[in-house]
Amino acid sequence: MDKNFQEESTQIIKFEPPLYKQRYQFVKDLVEKYKPKKVADLGCADCSLLWMLKFCSCIEVLAGLDICANVMKEKMHTLSPLPVDYLQPSERSLTVTLHHGSVAHKDPCMLGFDLVTCIELIEHLEESELKKFPEVVFGFMAPSMVVISTPNSEFNPLLSKVMLYRHPDHKFEWSQAQFQSWALETARCYDYSVEFTGVGHPPTGMEKVGFCTQIGVFVRKYPQTGDSLQSEKPTEAVYKTVFKAVYPSLKDGKYLQNAVISEVIFTAQIIKHRLMLKREESGDDPERKSKFQPSMDCFPDYLGKLVVEKNMEPFVSGNEVYIPLATIFSFPKVNRLCGTFEKLCKLIAGKVTLSSDGSAVMLNIEHENEEN
């Protein structure tokens, strides 16, 4: 939060990269290390951190919460799938949801997360909200890990234009001792451990001042039980959902089938094109016209060997080119998408033109001539 204001304030000491980017990178590095599948960002503001995290391949569920719906709405379009996401669906599923509400309230939509981030949030909370915050996040949501960052007031004298607080909306700013005291007590109450770090190093010789942004990383000591998951669960939602995007995924049968069909046709067209080039080079031998034995250089080395050994050679008959499904299945991408030969046959059934016995993809030679 407040990245623009803080960058304007930081004139005596210039952070490179900017402090807000260092905070986001800290979270991203944590995600890449621990591989959480479900991540929630409380106080998500303009969704910048969520946008960065959506590219982390381990994450399948992203959620944002903020008290100001308008700020979220300004940039929430950046969380929508792009055309390329539909053309090349990912192998993972990803759902991104934004909620309007207060971190002082409990809502069942925030249950079940592995990691919860609160980046430059707590200093914006009123005293009554701050009192409820630990119970909501650590008691009710109870994720495996919580990351909380907040300004270090001891660093403020080094920042230009900072009179009392770094932002006019801040209700307080803690020293290192104050933050650590609050964090340790919170961790003790809810069975978490906590480690302290930060971003924005102080000048040489002033190490005691500490980081410009202090960070607490909380880790739950014991796994949740079924009883704790159900305890005090609200009967109705209190947050308002303002945005939801479900990304296309190969885990969805529709997208998987489309991807397999496209890859099968693409692979068959490549093989056909190479065969026709070789056929032209072979001259007018009628025997070669009826059945063409491709040379090894039609395929990558390992596939060429496989084609010969498994008797899976493509051939030309009349105006049709026949490419055995077994040959197509041997290509790494097709193999990875389908997993089994039986699944390949099932996914393309009725969608791709096959030979009468269903063992080969049929392509018309005339189409090749028209393309040429």
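Conventions adopted
- Residues numbered from 1 in each chain as written.
- Predicted model: local features only at pLDDT ≥ 70, side-chain atom pairs only at ≥ 80, totals over all residues.
- Heavy atoms only, no water.
- Phe/Tyr/Trp six-rings, centres within 6.5 Å; stacked < 30°, edge-to-face > 60°.
- Pairing = 2+ DSSP bridges.
- Helix = DSSP H or I, 4+ residues; strand = E, 2+ residues; numbered from the N terminus.
- Axes fitted to C-alpha atoms, helices over the stretch in contact; angles between N-to-C directions.
- Salt bridge = Lys/Arg side-chain N within 4 Å of Asp/Glu carboxyl O.
- Buried < 20%, exposed > 50% of the residue type's maximum accessible area, 1.4 Å probe, protein only.
- Contact = heavy atoms within 4.5 Å.
- Polar contact = N/O pair within 3.5 Å; in protein donor to acceptor, adjacent residues only side chain to side chain.
- Core = buried A, V, L, I, M, F, W, Y, C linked by side-chain atoms within 4.5 Å.

**Digging into the packing of aromatic side chains**
This structure, assessed with the given rule, holds 15 aromatic pairs. An aromatic cluster is defined as three or more aromatic residues linked by ring pairs; in this entry it consists of Phe133, Phe172, Trp174, Phe179, Trp182 and Phe196.

**Observations regarding the sheet that holds strand S9 (residues 315-317)**
Sheet architecture is open: three strands sit in the order S9-S10-S11, paired in antiparallel fashion. Where the open sheet ends on each side, the last strands, each with one partner, are S9 and strand S11 (360-364). The sheet shows a mean angle of 30° between the axes of neighbouring strands, direction not considered. Judged from the three bridges that link them, S9 and strand S10 (residues 320-324) form a sheet pairing that is antiparallel. Of the residues in S10, the one forming a bridge with Ser317 is Glu320.

**Describing the pattern of salt bridges**
Across all of its chains, the model carries nine salt bridges by this definition. The closest approach of N and O atoms between Lys28 and Glu32, which form a salt bridge, is 3.6 Å. Of this pair, Lys28 and Glu32 both sit in helix H2 (residues 19-34), four residues apart, which is roughly one turn of that helix. Residue Glu32 is classed as partly exposed on the basis of its relative accessible area of 39%.

**Description of the sheet that holds strand S3 (residues 95-100)**
The mixed open sheet is built from eight strands, whose spatial order is S6-S7-S5-S4-S1-S2-S3-S8. In this open sheet, the two strands that pair with only one neighbour each are strand S6 (192-199) and strand S8 (240-246). Mean inter-strand twist for the sheet, computed between neighbouring axes without regard to direction, equals 15°. In the sheet, strand S2 (residues 61-66) pairs with S3 via six bridges, with the strands oriented parallel. Its bridge partner lying in S3, Gly64 is registered against Leu98. Strands in contact with helix H6 (residues 127-141) are strand S1 (38-42), strand S4 (115-119), strand S5 (145-151), S6 and strand S7 (213-220); relative to S5, the strand with the most contacts, it is inclined by about 160°.

**Considering the side chain of Arg23**
In this fold, Arg23 is placed in helix H2. With a relative accessible area of 1%, Arg23 lands in the buried category. Separated by 3.0 Å, the side chains of Arg23 and Thr213 make a polar contact.

**Some thoughts on the nonpolar core**
Formed by 43 residues in total, the largest nonpolar core has its most connected members in Val31, Leu53, Ile59, Leu98, Phe155 and Phe243. The set of elements that each furnish at least two residues to this core consists of H2, helix H3 (48-53), S3, S4, S5, S7 and S8. Residue contributions to this core peak at seven residues, all from H2. Excluding anything up to four places from it in sequence, Ile59 contacts Val31, Pro36, Lys37, Val39, Leu53, Arg92, Ser93 and Leu94. In terms of nonpolar packing, the next biggest core, distinct from the first, is built from 31 residues, Leu65, Val137, Phe138 and Met141 among them.

Functional significance is not addressed by these values, which are geometric in nature.
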